[in-house]
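Geometric and topological summary
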Amino acid sequence: MRGLATGLMLAMLVMPIGRDAFSGDVFRLLQLGGHPVKFGSPTRGAGASIGYAFVDRTIHFDNARNCRDLEPLDATLATSGIGWSALPPEVEAAFAQWASVANVNFHETASSRAQIFIGAFSGMGEAFADVAWQRPVDGETASIERSLICLNADRPRKRAFDGDLSVYNVRYTLTHDIGYAIGLDHPGTFGALMSFPYNERFRTLRDDDIKGVVAMYGARPLPVAGLSVQ
Ligand SMILES: [Zn+2]
């Protein structure tokens, strides 16, 4: 018995839950069981390297509230007219938004080693994230064990950014839900990519998003001029 406590988080584009305020700034950290949560070392500012995988068959997650039966993305891609070959660049671009500003890296890996699973679900809502976490032995911050990101299989997505708010841009949606998956919440203000509701006024991280992810993982280290690795 490892004394694990699994926390479940409902997080979707249209219904924020878990809104304990984080004092001092406009971003908001995801709070589960009263703890901010992050991948890697449960220390504020510590970086992390996170593997992700697309599910290639339906996987059941007993401890998940959302995405409990995570399905392959084939149906939602077909509904959207987005081919499988077009999806990885969108996913990579979504992860890269976070990785470009904070000390957090993402790489695709096998399902057996993944910490973030990406798939689809059938039901209501646009997209969900589900975060399973481990209660800290000491300290305030908890470790995320794994996160799920799921898109509604029946809703069309688009790669365009055309102002039609009835169809969500797939990269924007993924970037927003990756934010949940790594420990951020709706900030309670407008103007951030983590803000609610969906909009198409901007498509990249805003200052508030950056402050939030840097608070948890530290800033992306700057390359050192003239440093060579032998
Ligand atoms: Zn949201």
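Below is a short write-up of the structure.

Definitions and limits used
Residues numbered from 1 in each chain as written. Predicted model: local features only at pLDDT ≥ 70, side-chain atom pairs only at ≥ 80, totals over all residues. Heavy atoms only, no water. Helix = DSSP H or I, 4+ residues; strand = E, 2+ residues; numbered from the N terminus. Buried < 20%, exposed > 50% of the residue type's maximum accessible area, 1.4 Å probe, protein only. Contact = heavy atoms within 4.5 Å. Areas by Shrake-Rupley, 256 points an atom, 1.4 Å probe, with all protein chains shown as cover. Donors = N, O, S within 2.8 Å, 3.2 Å for Na, K, Ca; no water. Phe/Tyr/Trp six-rings, centres within 6.5 Å; stacked < 30°, edge-to-face > 60°. Core = buried A, V, L, I, M, F, W, Y, C linked by side-chain atoms within 4.5 Å. Arc of directions from axis to C-beta. 1 Å grid on protein atoms, 1.4 Å probe; cavity = no way out; pocket = protein on both sides within 12 Å on 5 of 7 lines; lining within 4 Å. Points joined across faces, edges and corners; volume = space filled by probe spheres on them.

**Quick notes on the overall build of the chain**
- Secondary structure summary: the chain contains four helices and 14 strands in total.
- Counting all 230 residues of the chain, 51% fall into the buried class.
- Long-range contacts, defined here as pairs at least 24 residues apart, represent 72% of the contacts in the chain between residues at least 6 apart.
- As displayed, the chain offers around 10,200 Å² of accessible surface, 53% of which is attributable to carbon and sulfur atoms.

**Some thoughts on the coordination of the zinc ion**
- Every protein donor of the zinc ion is accounted for by H176 (NE2), Y180 (OH) and H186 (NE2), and the metal-donor separations fall at 2.0 to 2.1 Å.
- Of note, the donors binding the zinc ion are all from one chain and are spaced H-x3-Y-x5-H. Of this pair, H176 sits in helix α3 (residues 170-181) while H186 sits in the loop between β14 (184-185) and α4 (207-217), and the two are ten residues apart along the sequence. The same class applies to H176 as to H186, namely buried.

**What to know about the packing of aromatic side chains**
- Taken as a whole and assessed by the stated rule, the structure comprises nine aromatic pairs.
- Note on F121 and F128: the rings are 4.8 Å apart at their centroids and 80° apart in plane angle, and the pair reads as edge-to-face.
- Among the residues examined, F121 registers a relative accessible area of 7% and is labelled buried.
- Here F128 falls in the buried class, since its relative accessible area comes to 8%.
- For the pair Y168 and Y198, a centre-to-centre distance of 4.0 Å together with 10° between the ring planes defines the contact as stacked. Within this pair, whereas Y168 is found in strand β13 (residues 168-169), its partner Y198 is found in the loop between β14 and α4, the two being separated by 30 residues in sequence.
- Overall, Y168 belongs to the buried group, its relative accessible area being 10%.
- Look at Y198 and you get buried, because its relative accessible area is 7%.
- Three or more aromatic residues joined by ring pairs make a cluster, and in this case those are Y52, F54, W84, F95 and F106.

**Quick word on the nonpolar core**
- Core analysis: the biggest nonpolar cluster contains 52 residues, and W98, F106, I116, I118, I182 and Y217 have the highest contact counts within it.
- Sorting the residues of this core by element identifies β5 (48-54), α2 (87-99), β8 (104-108), β9 (116-121), β10 (127-134), β11 (142-152), α3 and α4 as the ones contributing at least two each.
- Beyond its immediate chain neighbours, meaning those up to four positions away, F106 contacts I50, Y52, F95, W98, A99, I116, I178 and I182.
- Grouped together as the second largest cluster of nonpolar side chains are 13 residues, F61, L70, F128 and C150 included.

**Remarks on α4**
- Taken residue by residue, α4 has D208, D209, G212, V213, M216 and Y217 as its buried positions. Down the axis of α4, the smallest arc covering the buried residues is 145°, so these residues share one side.
- Buried residues in α4 make contact with β2 (28-29), β4 (35-38), β5, α2, β8 and β14.

**Quick notes on empty space enclosed by the protein**
- Taken as a whole and assessed by the stated rule, the structure comprises two cavities of 30 Å³ or more.
- Counted as a void, the largest cavity has a volume near 40 Å³.
- For the lining of the largest cavity, the elements supplying multiple residues, two or more each, are β14 and α4.
- For the lining of the largest cavity, the element with the highest residue contribution is α4, accounting for three residues.

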